[in-house]
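# Notes for the structure review
What follows is the residue order along each chain.
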Amino acid sequence: MASLRLCRLQGAIGRPRLDVLPKTSFLEGLPRVSFAFGTHKEEPRDDVYETQKAAPTLLFKHRLPPRSWDSHMHVVEPQRYPIAADAMYQPPSRTLKDAMAFESSIGVENIVLVQPSIYGTDNSCLLEALKKMGPSRGRGIVVIDPETFEPSTLTEWHTLGVRGVRVNLKSVGKVMNEQELEETLLRHAEIVRPLGWIIQLWVPLHMLPMLERIVPRLGVKICIDHFGGPELSSITWKDNVNLPFDPYSLPGFSSLVSLLRAGKTYVKISAPYRLSKDKQMRDIQAIAIELLRVAPRRVIYASDWPHTRFDGMNIRPFTESCLRWCSSQPGLAERVFCLNTEELLC
């Protein structure tokens, strides 16, 4: 508990508190901008990385706040830690050294390692990375089987920096009805509740009305991946036509907003390329702006590095867009890139 208090104290030093933001539209005064996901490689060899560590290469108009967090990224080493037999894809190796070099290149100091689906419940690769990094700069989200998990492991992992468990339905195409989802989340909650861990979810947005009914029973905080998992790929966009997009037209979005306002749920703005086909990200921007408007203390940034199944993705334009959206309100960038993650995971 002492380490938890120290983390919260360190997260608060030198940072102004953010009062409740006025409920005005973030769209007011924002210029229309074009977002290109890009395709060039941003994971060069280690010797190239070394030259980037001294000075971030991402030139933001608004710089990342001090002690910023990347709340969702992965390390994978298939040669040292074989992937599960039923893994949906075979990724290239991306080590902790690669990860920290990438984060340094965009100016991020602290990271949250998330267990990828390819490793199932074998968290060895993630735990080794946490040991090397130390809890002062890193946190971890693991995957467990509640039926076989030994609760005595919690204390050891907590010391390393683990602060939550992940339930991932979307990556593996798993479907649950409300009763199955509730039973699964209750079993996880019973295990993690004693140490104040969270449950992180990667589910489709249309399942969130179920969550709206389930979350009050869990007694733990929830974090939902990647904008809540909206289905945007079927939306047709015309270049240079700035048509309005209403996030509330998406099944489940109203439930996401209700969950955020209730205070126990957080959402990551991350991985737009997994959701939208619009190169200008007009749908993503509309969703992000509304989430920031209704729940500025519940939205957190993440890069989703190394962009598994989207190798070579350039996340810099999206990161810069996040900063631009946050620039509309004083202190919001610090909330989204730092304070909200610290309050969730420290």
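Residues numbered from 1 in each chain as written. Predicted model: local features only at pLDDT ≥ 70, side-chain atom pairs only at ≥ 80, totals over all residues. Heavy atoms only, no water.

Bringing the pattern of salt bridges into the picture now. By the definition in use, this model includes 13 salt bridges. Between R217 and E182 there is a salt bridge, with the nearest N and O atoms lying 2.2 Å from each other. Of the two residues, R217 sits in the loop between α7 (208-214) and β6 (222-224) while E182 sits in helix α6 (residues 178-192), which places them 35 residues apart along the sequence. Take E182: its relative accessible area is 18%, and that puts it in the buried class. Ionic pairing is found between E290 and R293, a salt bridge with its closest N-O pair at 3.0 Å. Of the two residues, E290 and R293 are both situated in helix α9 (residues 282-294); the distance of 3 residues between them amounts to about one turn of the helix. The buried category is assigned to E290, whose relative accessible area is 12%. Taken together, the shared-partner salt bridges connect E77, R80, E128 and K132 into one network. (Salt bridge = Lys/Arg side-chain N within 4 Å of Asp/Glu carboxyl O. Helix = DSSP H or I, 4+ residues; strand = E, 2+ residues; numbered from the N terminus. Buried < 20%, exposed > 50% of the residue type's maximum accessible area, 1.4 Å probe, protein only.)

Right, let's talk about the nonpolar core for a bit. Residues I199, L211 and F318 are the most contacted members of the largest nonpolar core, which totals 94 residues. The greatest single-element share of this core, amounting to 8 residues, is contributed by α9. Residues in contact with I199, not counting those within four places in the same chain, are V165, V167, L185, H188, A189, V192, V220, K221, I222 and C223. Grouped together as the second largest cluster of nonpolar side chains are 13 residues, V112, I300, L339 and C346 included. (Core = buried A, V, L, I, M, F, W, Y, C linked by side-chain atoms within 4.5 Å. Contact = heavy atoms within 4.5 Å.)

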